[in-house]
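These are the residues of each chain, in order.
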Amino acid sequence: MDFLLLLIILSGILHIIGLIIENPSLKMVFKPLTTLLIIFFAFSRGDAVSAYKTLLLAGLVFALIGDIFLMLPREQFVAGLVSFLIAHLFFILAFTGNHGFYWNWIYLAPIFVYFTLLINILIKHTGKMTLPVIVYSVVIMIFVWQAAGRYATLPNSFAAFALYGAILFVLSDSLLAYDKFVKPMKWTHSVVMILYWTALYFLALSV
């Protein structure tokens, strides 16, 4: 196993242990550290300079910023949401850089159905956060659509990794949103973080 991957796994495990035993130090240190290690992993891969790598790294950096906002003592949820929205915009730019925006509606249809069902569940509970949640959902819907389009246009393992990462990111965000707005569950955050870091790792593998 790659040494950096081992460090990513170890750091993630320590954060999750912090969640389980409610240790603030473990949570505060190893959440951003795990994402930072994934950024280093992505940086170490592929060409030294490429548009795709640069845009993907920018997205990962904004994901790290979002992580930090969401773990502040007074949680900055809107700032975190905006940071992740910017991250997804960078990811979309990376996915569409080679072949332009992908317009095949066949790939969009199941994604649209999924997000329509999800928003219908969330919107009853979002209150003043309804508009930001809808905007974010539209952006992440485009994110996974373009990841699918990239794989359809460029069917190689790198594009497949990007698609896997996008799907896992959607699952992570969906579970997090359900926990925040609909029904908090004790185990949710551990599962969310596992899905989230696995998603980021697959995106890093796509470089």
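Quick word on the packing of helix α5 (residues 105–122) against helix α6 (residues 130–153)
At a minimum axis separation of 10 Å, α5 and α6 run at an interaxial angle of 155°. Classified by the angle between their axes, α5 and α6 sit roughly antiparallel to one another. For the pair α5 and α6, the sense of crossing is right-handed. Side by side, α5 and α6 meet where W105, Y107, L108, I111, F112, F115, I119 and L122 of the first sit next to V133, I134, S137, I140, M141, V144, W145, A148 and A152 of the second. Taken together, the residues that form the contact of α5 with α6 break down as 16 nonpolar, one polar and no charged.

Brief notes about the nonpolar core
In terms of nonpolar packing, the biggest core is built from 62 residues, with F91, F143 and F169 touching the most fellow members. Where this core is concerned, the elements lending two or more residues are α1 (3–21), α2 (24–43), α3 (51–70), α4 (77–96), α5, α6, α7 (157–182) and α8 (188–205). Counting residues per element, this core draws most heavily on α8, at 11 residues. If we ignore the near neighbours within four places in the chain, the residues touching F143 are H88, F91, I92, F95, A166, F169 and L203.

Regarding the confidence of the model for the chain
In the predicted model, the chain carries a mean pLDDT of 93, and the fraction of residues at 70 or more is 98%. The secondary structure element of the chain with the lowest average pLDDT is α5, at 94, and the one with the highest is α8, at 97.

Section: the packing of aromatic side chains
We describe a pair of aromatic rings using the distance from one ring centre to the other and the angle between the two ring planes. Under the criterion given, the structure shown has 20 aromatic pairs. An angle of 70° between the planes, with centres 5.8 Å apart, marks the rings of Y102 and Y107 as edge-to-face. Plain terms: the ring middles of F169 and Y196 are 5.6 Å apart, the flat faces sit at 85° to each other, and that makes the pair edge-to-face. Taken as a pair, F169 in helix α7 and Y196 in helix α8 lie far apart in primary sequence, 27 residues in all. Each member of the pair F169 and Y196 is classed as buried. The ring of F77 has K180 sitting right over it, with the charged end atom 4.5 Å from the ring centre.

A short note on the environment of G59
When you line up the elements, G59 lands in helix α3. Exposure remark for G59: the relative accessible area of 0% places this residue in the buried category. Residues G59 and A87 lie 28 residues apart in sequence; the distance between their C-alpha atoms is 3.9 Å. Once residues lying within four places of it in the same chain are set aside, the contact partners of G59 are A87, F90 and F91.

Section: α2
The end-to-end C-alpha distance of α2, which contains 20 residues, comes to 29 Å, matching closely the 28 Å that a straight helix rising 1.5 Å per residue would cover. The secondary structure elements touched by the buried residues of α2 are α1, α3 and α8. For α2, the side-chain oxygen to backbone nitrogen distance between the N-cap and S25 is 3.0 Å, and the N-cap itself is N23.

Considerations on the side chain of S190
Its location among the elements puts S190 in helix α8. The residues touching S190, leaving out its near neighbours within four places in the chain, are I16, L19 and I20.

Here we look at a nonpolar patch on the surface
On the surface, I9, I13, I17, I20 and I21 cluster together into a nonpolar patch covering about 440 Å² of accessible area. Looking at the secondary structure, you find I13 in helix α1. On the basis of relative accessible area, I13 is assigned to the partly exposed category, the value being 43%.

A closer look at the environment of F143
Tracing the backbone shows F143 in helix α6. Residues F143 and I92 lie 51 residues apart in sequence; the distance between their C-alpha atoms is 5.4 Å.

About the cut-offs
- Residue numbers here run from 1 along each chain, matching the order of that chain's written sequence.
- Per-residue local features are limited, in this predicted model, to residues with pLDDT of at least 70; the limit for side-chain atom pairs, both in listing and counting, is 80 or more; totals at the level of whole chains, interfaces and linings are taken over all residues.
- Hydrogens and water molecules were not included; the side-chain quantities draw on all heavy atoms of the structure.
- Convention adopted: a line fitted to C-alpha atoms gives each axis, helices being fitted over their contacting stretch, and angles between N-to-C directions are expressed from 0 to 180 degrees.
- For helices the rule is a DSSP run of H or I covering at least 4 residues; for strands it is a run of E covering at least 2, with both sets numbered from the N terminus onward.
- Note that the term roughly parallel is reserved for angles under 35 degrees, roughly antiparallel for angles over 145, roughly perpendicular for angles of 65 to 115, and oblique for everything else.
- For a crossing to be left-handed, the near helix must be turned anticlockwise from the far one by less than a right angle; the clockwise case is right-handed.
- The contact rule is simple, with two residues in contact once any of their heavy atoms fall within 4.5 Å.
- Each residue gets one label: Ala, Val, Leu, Ile, Met, Phe, Trp, Tyr, Cys and Pro are nonpolar, Asp, Glu, Lys and Arg are charged, and the others, such as Gly, are polar.
- As used here, the term nonpolar core means buried Ala, Val, Leu, Ile, Met, Phe, Trp, Tyr and Cys residues forming a set that is joined through side-chain atoms within 4.5 Å.
- Using a 1.4 Å probe on the protein chains alone, a residue whose accessible area is under 20% of its type maximum counts as buried, one over 50% counts as exposed, and one in between counts as partly exposed.
- Confidence of the predictor at the level of single residues is captured by pLDDT, which takes values from 0 to 100.
- Pairing of aromatic side chains requires ring centres within 6.5 Å, counting the rings of Phe and Tyr and the six-membered ring of Trp. Pairs whose planes differ by under 30 degrees are stacked, by over 60 edge-to-face, and all others tilted.
- Remark: a charge is flagged as sitting over a ring if the NZ atom of Lys or the CZ atom of Arg is within 6 Å of the ring centre and within 35 degrees of the ring normal.
- A helix is expected to span 1.5 Å for every residue after the first.
- Pairs of N or O atoms within 3.5 Å make up the polar contacts considered here, provided that, within protein, one atom can donate a hydrogen while the other can accept it, and that residues adjacent in sequence are counted only when both atoms are side-chain atoms.
- Nonpolar side chains (Val, Leu, Ile, Met, Phe, Trp, Tyr) are joined into patches within 5 Å and like charges within 9 Å, using only residues with over 30% relative accessible area and no salt bridge.
- The Shrake-Rupley method, run with a 1.4 Å probe sphere, supplies the accessible areas, and residue values consider only the shown protein chains as cover.
- Salt bridges are defined by distance alone: a side-chain nitrogen of Lys or Arg within 4 Å of a carboxyl oxygen of Asp or Glu.

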